[in-house]
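# Residue-level structure breakdown
As a plain string of letters, each chain reads:
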Amino acid sequence: MTLQQLEYILAVDTHRNFIKAADSCYITQPTLSMQIQKLEEELGVKIFDRSKLPVVPTATGQGILEHARRVLHARNELNRFIEDQKGKISGQLRIGIIPTLAPYLLPIFVPAFIKKYPDIKLIIHELMTEHIVSYLKDEKIDAGILVTPLNEAGITEHVLFYEELMVFTSKKNRAYEKQYILPRDIDTSKLWLLEEGHCFRSQILSICELQKQSREHSGLEYEAGSLETLKRMVEISDGVTIVPELVTLQMPKSQQQLIRHFKKPVPVREVSLAVHRDFLKEKLVKALREEILLAVPEQLKKKPSPNVIPIG
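The model shown is predicted, which means the values in this text are computed figures rather than measured ones. (Residues numbered from 1 in each chain as written. Predicted model: local features only at pLDDT ≥ 70, side-chain atom pairs only at ≥ 80, totals over all residues. Heavy atoms only, no water.)

The next subject is the pairing of strand 5 (residues 143-148). Among the 6 residues that make up strand 5, 6 are buried, leaving the element largely enclosed by the rest of the structure. Here strand 3 (residues 91-97) runs beside strand 5; their pairing, made up of 3 bridges, is parallel. Bridge pairing in strand 5 places Ile 97 opposite Ile 145. In this structure, strand 5 lies alongside strand 12 (residues 268-276), joined through 5 bridges in antiparallel fashion. Looking at the pairing, Thr 148 lines up with Glu 270 of strand 12. (Buried < 20%, exposed > 50% of the residue type's maximum accessible area, 1.4 Å probe, protein only. Helix = DSSP H or I, 4+ residues; strand = E, 2+ residues; numbered from the N terminus. Pairing = 2+ DSSP bridges.)

Set out below in structure tokens:
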């Protein structure tokens, strides 16, 4: 039995597919399958039920996977202890980040981080909030960058900054004529939303108090997979949507003219770096947090208004 074999079975458990698991381990699928088969032969049990798609662990395999996680966790603790003794910041840092942050936050801190910490390998996954929480608890990632508060047992949140939420409107929409917007000014029949699963969707619903109205307005049937798609659809229609502040900082002047602020107290979203309570890579995560804070514009690091919008 080898630690490498344990990593392979955990990869299969994560992806539930031998080809994807092999890709994530940077080996060929036959090599991965052969190593797992060797482990199964040594243990005398089947770890995975290959007759099902996606692949699932057997009842015994589930217990083996839990033991494998504990063994690799102990290995990681030992490696971290050795690195701390050497005073060296190095290793692999696996990060999950939500889609409404990734395109706007990653470009402003990743290049500087890589240059400053050449011995740290960043592995970044774009994930929905629920998957980030799950992956943190299962130690599939080391840290998550997402919107909080989560109120999740076992998850520690370190607030990074607060983003004002703003209205992005078509010139044809009545909101374009206003200097400041109240939630009731938004025509919900012309409101564009992200698809289900995005926490930012639920924040928009909360701002516009749409929970009870959602069945009555056909505008809620229009959904998109990204904020960029929402912006484009608003521009070519008589539409309106809501965008976070980071998005607006990278807009061309033509789009900035379509931004309107809410009347005070303005809604904001809280962005945090989240870790599991048992996380190991404290120095690496600290370096990540510091680099993000260096890159984020000062106006986003101000104290929050009392109007932090919940994500659920």
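Right, let's get into the packing of aromatic side chains. According to the stated counting rule, one finds 2 aromatic pairs in the structure shown. Here Phe 18 and Phe 48 contribute two aromatic rings whose centre-to-centre distance is 6.2 Å and whose plane-to-plane angle is 80 degrees, an arrangement assigned as edge-to-face. Of this pair, Phe 18 sits in helix 2 (residues 18-24) while Phe 48 sits in strand 1 (residues 48-49), and the two are 30 residues apart along the sequence. With 5.0 Å between their ring centres and 45 degrees between their planes, Phe 113 and Tyr 117 make a pair best called tilted. Take Tyr 117: its relative accessible area is 12%, and that puts it in the buried class. Cation over ring: Arg 260 sits above Tyr 176, and NZ or CZ is 4.7 Å from the ring centre. (Phe/Tyr/Trp six-rings, centres within 6.5 Å; stacked < 30°, edge-to-face > 60°. Lys NZ or Arg CZ within 6 Å of the ring centre and 35° of its normal.)

On to the confidence of the model for the protein chain, then. In regions of low pLDDT, the predicted coordinates are not meant to be interpreted in detail. Of all residues in the protein chain, 91% attain a pLDDT of 70 or more, and the chain-wide mean is 86. Mean pLDDT across the secondary structure elements of the protein chain bottoms out at strand 9 (residues 223-224), with 63, and peaks at helix 3 (residues 29-43), with 95. Counting contacts from residues 211-220, a segment whose pLDDT is below 50, to residues more than four positions away or on other chains yields 13 contacts. (pLDDT = per-residue confidence, 0-100. Contact = heavy atoms within 4.5 Å.)

Turning our eyes to something else, we now look at helix 5 (residues 102-116). Spanning 15 residues, helix 5 covers 20 Å between terminal C-alpha atoms, matching the ideal 21 Å at 1.5 Å per step. Maximal helix bending in helix 5 amounts to about 35 degrees, located at Phe 109; proline Pro 111 follows within four positions. (Expected span 1.5 Å × (residues − 1). Bend = angle between axes of the 7 residues up to and from the residue.)

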